[in-house]
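A look at the structure
So you can see what is in the structure, the chains are spelled out below.
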Amino acid sequence: MLIEELYKIFLKNPSVQTDTRKLQPGDLFFALKGPNFNGNKFAEKAIAAGASYVVIDEKITMDTGTEVAGKIIMVEDVLTTLQQLATHHRKQFSNLPAGSQVPFLAITGSNGKTTTKELIHSVLSTTYKTYTTEGNLNNHIGIPLTLLKIKPDAQIAVIEMGANHQKEIESYCKIVLPTHGLITNCGKAHLEGFGSEEGVRKGKGELFDFLKNNNGQAFVMWDYDYLQKMSEGIAARIKYGTADAEVCGMAVENETLLTVKMNKGISASIKTQLVGNYNLPNVLAAVAVGKHFNVDEENIISAIENYAPSNSRSQLLVKNSNTFILDAYNANPSSMKLAIENFAQTTAENKVLALGAMAELGKESIREHEEIIDLLKKYSWDFVLLVGGDFLKIDHPFHTFENSLQLKEWIKEKKIENTSFLVKGSRSIRMEKAIED
């Protein structure tokens, strides 16, 4: 079936689902396949649940009356078809009268991309009908699903792109066709796939490469020399940072929650609900995007100040007499180092570090964990509690635990009071379990 024909069906049934457990009557069901599942086997269940059509790429055996058979769409590859449909839908927002095309802002980076995306969405939503990536649906499946949720009333779209190997961002750009782009940073993340920090820059830089070749615009954190260099050749660069940029601000020191003193772009200070000065670039990015799209200054400030982080991202939690900085959605050497250094500079008298191992670092993993150990030794802590992974394979003087549940029991037994905790680790370690009630 041609994509144009499938798109006509989509317009009549503009809700796409890939999981029969979440399927609602009238949804289009795409039978995706993976290493451990085959959606084709659930096509009959999807029709029984009320799917308007099922898109499959394998012949299936079921009781097909004329009505049921008419709901089956056979394609060569379901995932490719889903992506092509999403791109066809995306193009409709460029096929508009001059001046009314919808901007598509793509965001990638090693650290902070989800927080940056949420802040930008909050700012833009004060003024425009804004669609964005839900949660972290930022991969080869989540991105097309995000695009297909964008309705005709869209005035702007913000799309997050995750990646763990080269050419991945390039492939997403071909689906999203971004008009604007933002790379939060390039650090030591997914080294197993990218190979090196230089490989990370090359992979993330595929977004800027697309913008260069398609007359796009980039928001650039001007403090980072490598982003300046990576963005060279882009027709328009909107700069933000601590100096020499259109939008400038500094973090107010010794504040548990980040306060940003704006020096250029807007005139007021911004008191956020985010923990850690390492969130400064994320806030400045949101200000820069808001200014570029003519969002009122008061709306920019209120949107950022009212944004409350969730899902274990830079959250500040108070339980009894203890305070927990929960930043355990993910971790890599760059973000771990920043979090530790920021925590060391806080004014709390009693400090406990609870750190989970870092994943997807490949052959560099042991060395990167050793560097974190060396950093920890530079400061004074009440306790350092290390959980799982390569932390268990290194000689060091700190407490170790097989998993976060063991750590939880240890914390309960110690009955620690009047203490600040930094809780951070890779998603696979589930460090938030250590402090759940």
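Residues numbered from 1 in each chain as written. Predicted model: local features only at pLDDT ≥ 70, side-chain atom pairs only at ≥ 80, totals over all residues. Heavy atoms only, no water.

1. Some details on the pattern of salt bridges
What counts, and what does not: By convention in these notes, a salt bridge is any Lys or Arg side-chain nitrogen within 4 Å of a carboxyl oxygen on Asp or Glu. Only runs of H or I of at least four residues qualify as helices and only runs of E of at least two qualify as strands under DSSP, and these elements are numbered from the N terminus. Here's how the labels work: a residue is buried when its accessible area is under 20% of the maximum for its type, exposed when over 50%, partly exposed in between, all with a 1.4 Å probe on protein chains only.
Considering all chains together, one arrives at 17 salt bridges under this definition. Two residues, Lys33 and Asp57, come together in a salt bridge whose shortest N-O distance is 3.5 Å. Of this pair, Lys33 sits in strand E3 (residues 33-34) while Asp57 is found in the loop between strand E5 (53-56) and helix H3 (66-69), placing the two residues 24 residues apart along the sequence. Judged by its relative accessible area of 42%, Lys33 falls in the partly exposed class.

2. Focus on helix H5 (residues 113-125)
For clarity, the threshold we go by: Helix span, expected: 1.5 Å multiplied by one less than the number of residues in the helix.
Taking 1.5 Å of rise per residue, the 13 residues of H5 would be expected to cover 18 Å, and the 18 Å separating its terminal C-alpha atoms lies within 8% of that figure. Of the residues making up H5, those classed as buried are Lys113, Thr114, Thr115, Thr116, Lys117, Leu119, Ile120, Val123 and Leu124.

3. Some words on the sheet that holds strand E8 (residues 130-132)
We count it as follows: A pair of strands counts as paired when DSSP detects no fewer than two bridges linking them. Angles here are taken between N-to-C directions and fall from 0 to 180 degrees, while the axes themselves are lines fitted to C-alpha atoms, restricted in helices to the stretch in contact. Whether two residues are in contact is decided by their heavy atoms, any of which lying within 4.5 Å being enough.
Read across the sheet, nine strands follow the order E8-E9-E7-E10-E11-E12-E13-E14-E15 without closing on themselves; strand pairing throughout is mixed. Of all strands in the sheet, those bounded by a partner on one side alone are E8 and strand E15 (269-275). Strand-to-strand, the axes of this sheet are offset by a mean angle of 25°, without reference to chain direction. Direction of pairing for strand E7 (residues 104-108) relative to strand E9 (residues 156-160): parallel, over a ladder of four bridges. When the sheet's bridge partners are listed, Leu105 is paired in E9 with Val158. Across the sheet, helix H10 (residues 206-213) is in contact with E7, strand E10 (180-183) and strand E11 (217-221); its angle to E10 comes to roughly 155°.

4. So, the packing of aromatic side chains
As a reminder of what qualifies: Note on aromatic pairs: the rings of Phe, Tyr and Trp (six-membered ring only in Trp) are paired at centre separations within 6.5 Å, and the planes decide the class, stacked below 30 degrees, edge-to-face beyond 60, tilted for the rest. We call a charge positioned over a ring when the NZ of a Lys or the CZ of an Arg lies within 6 Å of the ring centre and within 35 degrees of the ring normal.
By the definition in use, this model includes nine aromatic pairs. Looking at Arg90, its charged tip hangs above the ring of Phe104, at a distance of 3.8 Å from the centre. If you follow Lys351 out to its NZ or CZ, it ends over the ring of Phe343, 5.8 Å from the centre.

5. A few points about the pairing of E7
Successive side chains on a regular strand alternate, one facing one side of the sheet and the next facing the other. Burial runs high along E7: five of the five residues are buried. Burial of the side chains of E7 extends over both faces: Phe104, Ala106 and Thr108 are buried on one face and Leu105 and Ile107 on the other. With four bridges connecting them, E7 and E10 associate as parallel partners. Bridge pairing in E10 links Leu105 to His180.

6. A look at the pairing of E11
Of all five residues making up E11, four are buried, and the element is well covered by its neighbours. Bridge count between E10 and E11: three bridges; the pairing is parallel. Residue Leu182 lies in a different strand from E11, and its bridge partner there is Phe219. Note: E11 against strand E12 (residues 236-241), five bridges, orientation parallel.

7. A word on the sheet that holds strand E2 (residues 28-30)
Pairing is parallel across the open sheet formed by four strands, whose spatial order is E1-E2-E5-E6. Strands at the two margins of the open sheet, each flanked by one partner only, are strand E1 (16-17) and strand E6 (72-74). With three bridges connecting them, E5 and E6 associate as parallel partners. Among the inter-strand pairings, Val54 is bridged to a residue of E6, identified as Ile72. Strand contacts of helix H1 (residues 3-12): E1, E2, E5 and E6, with the helix running at about 130° to E2, the strand carrying the most contacts. With respect to the sheet, helix H4 (residues 78-91) is in contact with E1, E2 and E5, its orientation differing from that of E2 by roughly 130°.

8. Some thoughts on the environment of Ala245
Residue placement: Ala245 occurs in the loop between E12 and strand E13 (247-251). Here Ala245 falls in the buried class, since its relative accessible area comes to 4%. Through-space distance from the C-alpha of Ala245 to that of Met221 is 8.6 Å; in sequence the pair is 24 residues apart. Contacts of Ala245, omitting those with residues within four sequence positions, involve Trp222, Lys239, Tyr240 and Lys264.

9. Considerations on H10
Glu206, Leu207, Phe208, Phe210 and Leu211 are the residues of H10 that are buried. Each element contacted by the buried residues of H10 is listed here: E7, helix H7 (168-176), E10, helix H9 (197-204), E11 and helix H11 (225-230).

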